[in-house]
Amino acid sequence: MTEPLAYLNGALIPFSEAKLSVTDLGIVYGAAVTEMVRTFAHRPFMLDEHLDRLYSAMDYVCIESPLAKSELKQICEDLIEQNAALLPQENDLGLTVFITAGQNLPYLGLAELETCRTPTVCVHTFPLAFELWDQKYTAGQHLVRSEVQQLNANIFDPRVKSRSRIHLYRADKLVRKTEPEASALLFDVAGFVAETTIGNFYLVKDNLIVSPRPEKILGGISQQMVVRLVKQLGLRYVEADISAKEILEADEALTSSTGYCLMPVTRFGESLISEGVPGPVFTQLLSEWSETVGVDIVKQAKQIGAARRNALS
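Residues numbered from 1 in each chain as written. Predicted model: local features only at pLDDT ≥ 70, side-chain atom pairs only at ≥ 80, totals over all residues. Heavy atoms only, no water.

Student: Just to check I follow, could you spell out empty space enclosed by the protein for this structure?
Tutor: Empty space among the atoms becomes apparent when a probe as large as a water molecule is rolled across them. Taken as a whole and judged by the stated rule, the model has 1 cavity of 30 Å³ or more. Counted as a void, the largest cavity has a volume near 50 Å³. If you trace the largest cavity, you find it lined by V37, R38, F40, F45, H50, I221, S222, T258, C261 and W289. Here the lining of the largest cavity gets 3 residues from one element, more than from any other, and that element is strand β3 (residues 32–40). Considered class by class, the residues forming the lining of the largest cavity number 6 nonpolar, 3 polar and 1 charged. Looking at which domains feed residues into the lining of the largest cavity, each of domain 1 (5–127) and domain 2 (141–303) supplies at least three. (1 Å grid on protein atoms, 1.4 Å probe; cavity = no way out; pocket = protein on both sides within 12 Å on 5 of 7 lines; lining within 4 Å. Points joined across faces, edges and corners; volume = space filled by probe spheres on them. Helix = DSSP H or I, 4+ residues; strand = E, 2+ residues; numbered from the N terminus. Nonpolar A, V, L, I, M, F, W, Y, C, P; charged D, E, K, R; others polar. Domains from an automatic or database assignment.)

Rendered as structure tokens:
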């Protein structure tokens, strides 16, 4: 096997053949829920937690999975094992699972009613793109307040991870019109911090780590890891409203996401955070994370990222 495999509706097929019909509700309505998992040393990280969140999302959006959670977990593990064999040992994979609401009945008609009632299930992998974030472990990231607001819970619960993300796409696009290297930080309707377009946000002040209130954000699986590491290091963790002013007064600011794990924020708008360099709490947390998973997260990202950029030059 020289091409990765993907799982699509009961079959393992070459990745290049994994395609959705234009009649799929994942395309027509964006009616799909999703998870992304990463591996460390080719082993899936917190897969159970990701699948728990996926099935909760399906309940919320009224999609009934044709697979039991245990069946989907086995598919994920088998696919990682097969596709990781195509990678160098020092590389790692991202694994994406998405489940759509099935086919669009008005496009296909009553003759295809049963087909339209059957959700689409897809699982695929990809090599992690370390070159997209490896330099930010030392340079940090630049966040800019977005004019796009966080989802209103009365319309759609922000705690649900769906494929309907046009507002997040727009948020980053608008920010990058004036700051091409920045990312958007969304605020809620009350003017408090919510999250970035791909991850959770934290402030550090006097060994206290503060994250936005859980009912206003997508609770991250990586966020669960951050909470665990904070406790291991004897630091304190609270969930509270965060204003833009408090960001500027913080000792450090951080974000977490599945791919890069943990990242320092060294600039918010026009202001430097932690004097424009990663702070000690970030360094402690990421070091502890590396120790826990048995992979030097920064070293791996920098080595592979540099090699890929060199190959392109």
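Student: Would you mind going over helix α11 (residues 297–312) with me for this structure?
Tutor: Each α-helix winds once per 3.6 residues, and so residues spaced three or four apart point in a common direction. Between its terminal C-alpha atoms α11 stretches 23 Å, which fits the 22 Å expected from 16 residues at 1.5 Å a residue. Taken residue by residue, α11 has I297, Q300, A301, I304 and G305 as its buried positions. Taken down its axis, α11 places every buried residue within 110 degrees of arc, on the same side. (Expected span 1.5 Å × (residues − 1). Buried < 20%, exposed > 50% of the residue type's maximum accessible area, 1.4 Å probe, protein only. Arc of directions from axis to C-beta.)

Student: I tried to follow the sheet that holds strand β1 (residues 5–8) on my own but got confused; where do I start?
Tutor: In sheet architecture, strand pairing relies on hydrogen bonds along the backbone and comes in two forms, parallel and antiparallel. Spatially, 6 strands are ordered β2-β1-β6-β5-β3-β4 in an open sheet, and the strand pairing comes out antiparallel. Of all strands in the sheet, those with a lone pairing partner are β2 (11–14) and β4 (43–44), marking the two edges. Sheet topology note: the strand β5 (residues 93–100)/strand β6 (residues 120–127) ladder contains 8 bridges and is antiparallel. Looking across to β6, one finds that G94 is bridged to F126. (Pairing = 2+ DSSP bridges.)

Student: What am I meant to see in the packing of helix α2 (residues 47–61) against helix α3 (residues 69–84) here?
Tutor: Working note: a packed helix pair is described by the angle between its axes plus the distance between those axes. Orientation of α2 relative to α3, taken along the N-to-C sense of each, is 130 degrees, at an axis distance of 11 Å. With respect to α3, the element α2 is oriented oblique. The two elements α2 and α3 cross, and the hand of that crossing is right-handed. Where α2 approaches α3, its residues L47, D48, L51, D52, L54 and Y55 are matched on the opposing element by K69, L72, K73, C76 and E77. Of the residues in the contact of α2 with α3, the class split is 6 nonpolar, no polar and 5 charged. (Axes fitted to C-alpha atoms, helices over the stretch in contact; angles between N-to-C directions. Parallel < 35°, antiparallel > 145°, perpendicular 65-115°, else oblique. Left-handed = near helix turned anticlockwise from the far one by under 90°. Contact = heavy atoms within 4.5 Å.)

Student: Where do I start with the packing of aromatic side chains in this structure?
Tutor: Each pair of aromatic rings is reported with the distance of its centres and the angle of its planes. Taken as a whole and assessed by the stated rule, the structure comprises 4 aromatic pairs. Considering the side-chain rings of F40 and F45, the 5.2 Å spacing of their centres and the 85 degrees angle between planes classify their relative orientation as edge-to-face. For the pair shown, F40 and F45 are each scored as buried. Where Y60 meets F156, the ring centres are 5.4 Å apart and the plane angle is 90 degrees; that geometry is what we call edge-to-face. (Phe/Tyr/Trp six-rings, centres within 6.5 Å; stacked < 30°, edge-to-face > 60°.)

Student: Where do I start with the layout of surface pockets in this structure?
Tutor: The computed volume of the second largest pocket comes to approximately 180 Å³. Lining the second largest pocket are Q149, Q150, L151, N152, A153, P158, D188, V189, E215 and K216. Class assignment of the residues belonging to the lining of the second largest pocket gives a composition of 4 nonpolar, 3 polar and 3 charged.

Student: What is the right way to look at the pattern of salt bridges in this model?
Tutor: Side chains carrying opposite charge are able to pair once their charged atoms draw close together. Taken as a whole and judged by the stated rule, the model has 15 salt bridges. Note that D157 is salt-bridged to R159, the shortest N-O span being 2.9 Å. On the basis of relative accessibility, which here comes to 11%, the residue D157 falls in the buried class. One salt-bridge network, held together by shared partners, links D188, R213, K216 and D241. (Salt bridge = Lys/Arg side-chain N within 4 Å of Asp/Glu carboxyl O.)

Student: I'm lost on the nonpolar core in this one. Help?
Tutor: Formed by 33 residues in total, the largest nonpolar core has its most connected members in Y137 and W289. Two domains share this core, each providing at least three of its residues, namely domain 1 (5–127) and domain 2 (141–303). The contact partners of Y137, leaving out residues within four places of it in the chain, are Y260, L262, M263, P264, P278, F282, L286, I297, V298 and A301. (Core = buried A, V, L, I, M, F, W, Y, C linked by side-chain atoms within 4.5 Å.)

Student: Please clarify how unusual backbone geometry should be interpreted in this entry.
Tutor: The bulk of non-glycine residues show a negative phi, and the bulk of peptide bonds are trans. The phi torsion at M46 lies on the positive side, around 55 degrees, for a residue other than glycine. When you line up the elements, M46 lands in the loop between β4 and α2. Owing to a relative accessible area of 9%, M46 belongs among the buried residues under this scheme. One non-glycine residue, E275, lies in the positive phi region at around 60 degrees. With respect to the element layout, E275 can be found in the loop between β15 (271–272) and α10 (280–293).

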